[in-house]
Amino acid sequence: MELQDPVQVIRGIGEKTAEGLNKLNIATVQDLISYYPRRYTGYDPPVPIGEAAEFDRVTVEGEICTAIRVNKGPRYTITTLSVRDASGSAEMVWFNSPYLANSLKKGSKYCFTGTLRIKGRRRVMEMPEVFSPEKYKEMQKVLQPVYPLGAGVKNYQLRKAIMGAGELISSLPETVPDDLRQRYGLLTRAEAVQNVHFPENTEILRKALKRIAYDEFVSFLKSVQEIRRECMSSPSSFCINDEADEKLRLLLDGLPYRLTKGQEDALDDIIMDMSGGYVMNRMIQGDVGCGKTILAASALYLAAVSGWQGALMVPTEVLAMQHFRDLTELFRDTDVKAALLVGSLPAKEKREIRNRIREGSVDIVIGTHALIQESVEYKNLGLVVTDEQHRFGVRQRERLSEKGDLPHVLVMSATPIPRSLAMIIYADLDISLITELPGGRKRILNCVVGTDYRPTAYRFILGEVQKGHQAYIICPKVEDSEGTELENVVSYAEYLQELYGGQVKVGYLHGRMKDEEKEKILESFRQGEIQVLVATTVIEVGINNPNATVMMIENAERFGLAQLHQLRGRVGRGTEQSYCIFINVNRTEESVERLRVLEESNDGFHIAAEDLRLRGPGDFFGVRQSGDIMFRVADIYDHADMLKAAQETVLMS
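Residues numbered from 1 in each chain as written. Predicted model: local features only at pLDDT ≥ 70, side-chain atom pairs only at ≥ 80, totals over all residues. Heavy atoms only, no water.

## Description of the overall build of the protein chain
Note the threshold: By the criteria applied, helices consist of DSSP H or I runs no shorter than four residues and strands consist of E runs no shorter than two, each listed in order from the N terminus. Restricting the calculation to C-alpha atoms gives the radius of gyration, and the globule rule supplies 2.2 Å times the number of residues raised to the power 0.38. For each residue, the accessible area found with a 1.4 Å probe, counting protein chains only, is set against the maximum for its type, and the residue is called buried under 20%, exposed over 50%, and partly exposed in between. Any two residues whose heavy atoms approach within 4.5 Å at even a single point are treated as in contact. For this count, His and the chain ends are skipped, Lys and Arg are scored as positive, and Asp and Glu as negative. By convention, charge coordinates are those of NZ in Lys, CZ in Arg, CG in Asp, or CD in Glu.
Tallying secondary structure elements over the protein chain gives 23 helices and 22 strands in all. The C-alpha radius of gyration computed for the protein chain amounts to 26 Å, which stays within 12% of the reference 26 Å derived for 653 residues, consistent with globular compactness. When the backbone C-alpha atoms are referred to their principal axes, the protein chain occupies close to 85 × 65 × 50 Å. With 653 residues in all, the protein chain has 55% of them scored as buried. Once local pairs closer than 6 in sequence are excluded, the contacts in the protein chain between residues at least 24 apart make up 72%. Once the 81 positive and 91 negative side-chain charges of the protein chain are each reduced to a mean point, those two points are 5 Å apart.

## Let's talk about the pairing of strand S12 (residues 338-341)
Selection rule: When DSSP finds two or more bridges between two strands, those strands count as paired. When the strands point away from the viewer and the path from the first strand over the helix to the second turns clockwise, the crossover is right-handed.
Sheet topology places S12 next to strand S13 (residues 364-367); four bridges connect them, and they run parallel. Counterpart to leucine 341 in the pairing with S13 is glycine 367. The parallel pair S12 and S13 is bridged by helix H14 (residues 347-359), and the resulting crossover is right-handed.

## Observations regarding the packing of helix H13 (residues 317-330) against helix H19 (residues 515-526)
What counts, and what does not: Every axis in this analysis is a line fitted to C-alpha atoms, fitted for helices over the stretch in contact. Angles between the N-to-C directions lie between 0 and 180 degrees. Each angle is binned into one of four classes, with values under 35 degrees roughly parallel, values over 145 roughly antiparallel, values of 65 to 115 roughly perpendicular, and all other values oblique. Crossing handedness is read from the near helix: turned anticlockwise from the far helix by less than a right angle, it gives a left-handed crossing, and turned clockwise, a right-handed one.
Two numbers describe how H13 lies on H19: the axes approach to 9 Å, and their chain directions differ by 50 degrees. As the angle between them shows, H13 and H19 are arranged oblique. When the axes of H13 and H19 are compared, the crossing they make is right-handed. In contact with Glu317, Val318, Met321, Gln322 and Arg325 of H13, H19 contributes Asp515, Lys518, Glu519, Leu522, Glu523 and Arg526.

## With respect to H19
The condition that has to hold: The span expected for a helix works out to 1.5 Å for each residue beyond the first.
Across its 12 residues, H19 extends 16 Å between first and last C-alpha, which sits within 8% of the 16 Å expected from 1.5 Å per residue. Among all positions in H19, only Lys518, Glu519, Ile521, Leu522, Ser524 and Phe525 are buried. Just beyond H19, the residue with positive phi is glycine 528, at close to 85 degrees.

## Considering helix H17 (residues 454-466)
We count it as follows: Picture the helix axis, draw a direction to every C-beta atom, and the arc is the one those directions span.
End to end, H17 covers 18 Å across 13 residues, agreeing with the expected 18 Å (1.5 Å per residue, within 8%). Within H17 the residues assigned to the buried category are Arg454, Ala457, Tyr458, Ile461, Leu462, Glu464 and Val465. For H17, the angular spread of the buried residues around the axis is 160 degrees, confining them to a single face. For H17, the exposed residues lying more than 90 degrees away from the buried face are Arg459 and Gln466.

## Structural notes on the sheet that holds S13
What the seven strands build is an open sheet, ordered S12-S13-S11-S14-S15-S10-S16; its pairing is parallel. The open sheet is flanked by S12 and strand S16 (430-434), the only strands paired with a single partner. Ignoring which end each strand starts from, the neighbouring axes of this sheet average 20 degrees apart. Bridge count between strand S11 (residues 309-313) and S13: four bridges; the pairing is parallel. Across the sheet, glycine 310 pairs through a bridge with isoleucine 364, a residue of S13.

## Section: the nonpolar core
Looking at soluble globular proteins, one finds that nonpolar side chains tend to be buried together. Basically, it comes down to this: Joining through side-chain atoms within 4.5 Å is the link that ties buried Ala, Val, Leu, Ile, Met, Phe, Trp, Tyr and Cys residues into a set, and such a set is a nonpolar core.
With 61 residues, the main nonpolar core has Phe331 and Leu410 as its most contacted residues. If you tally residues by element for this core, the top one is helix H12 (residues 293-305), at 10 residues. Core analysis: the next-biggest nonpolar cluster, separate from the first, contains 36 residues, Val7, Leu24, Tyr40 and Ala161 among them.

## Looking at the sheet that holds strand S21 (residues 548-553)
Strand order across the open sheet formed by six strands is S17-S22-S21-S18-S20-S19, with parallel pairing between neighbours. Each having just a single partner strand, strand S17 (445-449) and strand S19 (506-509) make up the two edges of the open sheet. Strand-to-strand twist of the sheet, defined as the mean angle between neighbouring strand axes without regard to direction, takes the value 15 degrees. As paired strands, strand S18 (residues 470-474) and strand S20 (residues 532-535) are joined by four bridges and run parallel to one another. Each bridged residue has a counterpart across the sheet, and for tyrosine 472 the counterpart in S20 is leucine 533.

## Some thoughts on unusual backbone geometry
Its identity is not glycine, yet asparagine 96 carries a phi of approximately 55 degrees, on the positive side. Positionally, asparagine 96 belongs in the loop between strand S5 (88-95) and helix H3 (100-103). Taking the relative accessible area as the measure of exposure, asparagine 96 reaches 46% and is therefore partly exposed. With a phi close to 50 degrees, asparagine 555 is a non-glycine residue in the positive phi region. Along the chain, the position of asparagine 555 falls in the loop between S21 and helix H20 (561-568).

## Observations concerning the confidence of the model for the protein chain
Basically, it comes down to this: The predictor's confidence in any single residue is recorded as pLDDT, a number from 0 to 100.
Here the protein chain averages 85 in pLDDT, while 91% of its residues score no lower than 70. Note that pLDDT drops below 50 for residues 478-487; the model gives that stretch 23 contacts with residues more than four away or on any other chain. For residues 616-629, every residue scores under 50 in pLDDT, and the model assigns this stretch 51 contacts once sequence neighbours within four places are set aside.

## Section: the pattern of salt bridges
The criterion, for reference: A pair is scored as a salt bridge if a Lys or Arg side-chain nitrogen falls within 4 Å of a carboxyl oxygen belonging to Asp or Glu.
Under the criterion given, the structure shown has 21 salt bridges. Across the pair arginine 249 and glutamate 264 runs a salt bridge, and its minimum N-O distance is 3.5 Å. One end of the pair, arginine 249, is in helix H10 (residues 242-253); the other, glutamate 264, is in helix H11 (residues 261-274), and 15 residues separate them in sequence. A relative accessible area of 29% means that arginine 249 is categorised as partly exposed. The partner of aspartate 273 in a salt bridge is arginine 282, with the nearest N and O atoms 2.5 Å apart. The same class applies to aspartate 273 as to arginine 282, namely buried.

## Some remarks on the packing of H10 against H11
Selection criterion: Lys, Arg, Asp and Glu make up the charged group, whereas Ala, Val, Leu, Ile, Met, Phe, Trp, Tyr, Cys and Pro make up the nonpolar group; the residues left over, Gly among them, are polar.
Direction vectors running N to C along H10 and H11 enclose 155 degrees, while the axes themselves pass 13 Å from each other. Taken together, the axis directions place H10 and H11 in an arrangement best described as roughly antiparallel. Along this stretch, H10 crosses H11, giving a crossing that reads as right-handed. Facing H10, whose interface residues are Asp245, Leu248, Arg249 and Leu252, H11 presents Glu264, Leu267, Asp268 and Ile271. Partitioning the contact of H10 with H11 into residue classes produces four nonpolar, no polar and four charged.

Set out below in structure tokens:
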């Protein structure tokens, strides 16, 4: 067996399984063993039923105290039973699992793992995992890898397939010299890959993730180094003139607001780069809500009035649609023509837009990864803008740039990264930093509270809605399976709708929805038809609704501080006072200290520095926290030491 062999060489992988793996971009054995878990599940000691917090994922141990009931409905078969311990009782519910009636016995003790809900006076757990007490004790000793799934491929199938490549994993060639491995405390490559997939314990897993993070950073920084070398010596055939600058100033003079000093300084940097005779390779880094979008729009306008095309690539279709709407409105009284190109458009419409881009009748194209497909040809691409830069890898930025003849590059990021790390990660870019917010914005008021505060929070949200405002409630994505995420958000929204009755319209949004459905929900929220939106972190990036004044985040301790700050940035975007409520379920001393940083500060860069300081060895159960897709395992916070080590390695090479 060789690394480049097709996955079918592994025993047990047939044509159907291989087809599913191919849809996950797993074609070779190399692809398979490099397909790392998204996270790991650990099983904590059982908690008393009466003390289990609502909406938290817990394990309870109790005796089945009722008969096991199986009710057949038109759509579902529902299996129910009740469990009790010394502290209370709970009802267990499964859908389409009638076989459980034959394997569970009244009067026997079991452990049930799932998310607890309180419905009236009843405690309910839907679709829990079931273990015997003896089996659960064994499970507590084991870390279970959870892989990114899809295409009908199950977690156990991936695990089994990777086991089949075990002999090859153990003989992987080493790529790091012994002296460097000793200096940085690295496992061998073979040890790291083996223990990422099959960790013996938490300590060896942490070391395995550390080694793979190092490899990813080294590869990334070598690419960055090469890009920087090319850009610094690349003359540009796209140079703006004074006439384009004057047209931009007229456009900006028509805005209902004035740019801040930080925005003006960043715009001066952009104009200097685009008129300087060399290719611009600049990043605008600023806190959420600091006004980066108008700078991207200004650069795109300069390109358009100079006779070139500009492309704006964003990570989601929802954000692409929002930018398209905003830019169309901004340029409505000009001759600049914008187009939207996203994957969900009908094939005929996509063909028409691609033809217009090829002919040059489109000045600005806004879209997702659809912009870098081979079928998209630009007539005269002079500027490439990528929004939310941390969501794209170096190769994706390169592929878009390669669509033109060395176009200018402008990248944007609202992700606050400590400057010490930003100088490494963005070494190929000149950085313009915006540290102030537009005038009229009020400081968001924050509070960190326990679960007993929820009723007060619900009343506060109702009060804001009655004033004509709106609110977000964020639920953590508890598992990667479709069912759990959907049930978590949907059931929470149903609970709130029942609580508020006809006083409030509650909607929900999660990552498994189709983009058209997401856009429809967000449009209803923008129009005020939905007053409270229950969502996962799908709303983290770029969603703009100035009328939303409350953000409530459930299980806030599950998130990194930088991500919580990003989420909080969805409110406080208008002139009204805004609020953020962090619900801390796991009230440990560590979680209280971390969340206090957010309670006391709205400065994203201070928060990023504190996040780095407080992270410690990293949250390996989540593998990556910062949301980047440029790395599979590496996290610039959790593996900051490896990022610095990789920089030393690349500089020495």
